[in-house]
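So you can see what is in the structure, the chains are spelled out below.
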Amino acid sequence: MPLSVRPLHSLDIFTPWFDVARSEIMPAIRAKFTQDDHLATYLKNTDNRDLAEATTTDTFRGTGMSLNNISILNNSMWRGKNVMGSVLMAVRAELFTKK
């Protein structure tokens, strides 16, 4: 019987972990920004801009790209999942709804 093999790069190993990681990171980030008014204001002042962790070494928490890479301005070019940016934007939205 022939084996069915697909290339490793076609597997998205991060998908099952995205929600788990978010649920683990979210309480800590929420606590950080709700317990410090200065940090809360700083985060709220980012308005509705996309937030990202610019790092070439972490494609899960960050964009997988350097801040110096001009392509970082286009999130469709990011190699990473940007979990940290996603969490920060979610906490920011919570801060705006609490006013």
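Look up a bit, the structure's there.
Everything numeric here is computed off the predicted structure, so don't read it as measured data.

### Description of the nonpolar core
Inference 1: By size, the foremost hydrophobic cluster in this structure holds 16 residues, and its most contacted members are Ile25, Ile29, Phe33, Leu43, Val87, Leu88 and Val91.
Inference 2: Going through the elements one at a time, helix H1 (15–34), helix H2 (37–44) and helix H3 (83–98) are the ones with two or more residues in this core.
Inference 3: Counting residues per element, this core draws most heavily on H3, at seven residues.
Inference 4: Non-local contacts of Val87, meaning those with residues more than four positions away in its chain, are made with Arg22, Ile25, Met26 and Ile29.

### Section: H3
Inference 1: With 16 residues, H3 should reach 22 Å at 1.5 Å per residue; the first-to-last C-alpha distance of 23 Å fits that figure.
Inference 2: The set of residues buried in H3 consists of Val83, Met84, Gly85, Ser86, Val87, Leu88, Ala90, Val91, Arg92 and Leu95.

What counts as what
Sequence order as written defines the numbering, with residues in each chain counted from 1. Predicted model: local features are reported for residues with pLDDT of at least 70 only, side-chain atom pairs are reported and counted for 80 or more only, and whole-chain, interface and lining totals are derived from all residues. Computation of side-chain values covers all heavy atoms of the structure but excludes hydrogens and water. Among the buried residues, those of types Ala, Val, Leu, Ile, Met, Phe, Trp, Tyr and Cys that are joined through side-chain atoms within 4.5 Å form a nonpolar core. Burial status follows relative accessibility: with a 1.4 Å probe on protein chains alone, a residue under 20% of its type maximum counts as buried, one over 50% as exposed, and anything between as partly exposed. In this text, helices come from DSSP runs of H or I with a minimum length of four residues, and strands from runs of E with a minimum of two, each type numbered from the N-terminal end. The criterion used for residue contact is that any of the two residues' heavy atoms lie within 4.5 Å. One fewer than the residue count of a helix, multiplied by 1.5 Å, yields its expected span.

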